[in-house]
Amino acid sequence: MEIREIKQKLRIETVLAHYNLKPDRHHFLKCPFHNDEDPSLKIYPETNTFNCFGCGAAGIN
Ligand SMILES: [Zn+2]
């Protein structure tokens, strides 16, 4: 594992913790960008990105 990969993983975890968000074991969490009742936002720790299947929010942190 490269140090750069570790830093990316730490970074997205830090961002999530800042917003008090905890993804489940499938990397899904309740989307902060729309009124989400069931977790529909997926985190991709490998690429440090996320995508919401409910409202389409996506980005790189
Ligand atoms: Zn959303």
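Residues numbered from 1 in each chain as written. Predicted model: local features only at pLDDT ≥ 70, side-chain atom pairs only at ≥ 80, totals over all residues. Heavy atoms only, no water.

S.K.: What is the right way to read the coordination of the zinc ion from this model?
M.R.: Ideal geometry at a metal gives 109.5 degrees between four tetrahedral donors and either 90 or 180 degrees between six octahedral ones. Within the first shell, the zinc ion binds the protein through Cys31 (SG), His34 (ND1), Cys52 (SG) and Cys55 (SG), at distances of 1.9 to 2.3 Å. Relative to the metal, the four donor atoms surrounding the zinc ion lie at angles of 103 to 122 degrees, and the coordination shape comes out tetrahedral. On the primary sequence, the residues serving as donors to the zinc ion are separated as C-x2-H-x17-C-x2-C. Within this pair, whereas His34 is found in the loop between β1 (28–29) and β2 (41–44), its partner Cys52 is found in strand β3 (residues 49–52), the two being separated by 18 residues in sequence. The class for Cys52 is buried, based on a relative accessible area of 2%. (Donors = N, O, S within 2.8 Å, 3.2 Å for Na, K, Ca; no water. Tetrahedral: all angles 85-135°; square planar, octahedral: opposite > 155°, others 65-115°. Helix = DSSP H or I, 4+ residues; strand = E, 2+ residues; numbered from the N terminus. Buried < 20%, exposed > 50% of the residue type's maximum accessible area, 1.4 Å probe, protein only.)

S.K.: Looking at this structure, I do not really get the sheet that holds β2. What am I missing?
M.R.: Two orientations exist for strands paired in a sheet by backbone hydrogen bonds: parallel and antiparallel. Pairing is antiparallel in the open sheet, where four strands are placed in the order β1-β2-β3-β4. Unpaired on one side and paired on the other, β1 and β4 (58–60) mark the two borders of the sheet. (Pairing = 2+ DSSP bridges.)

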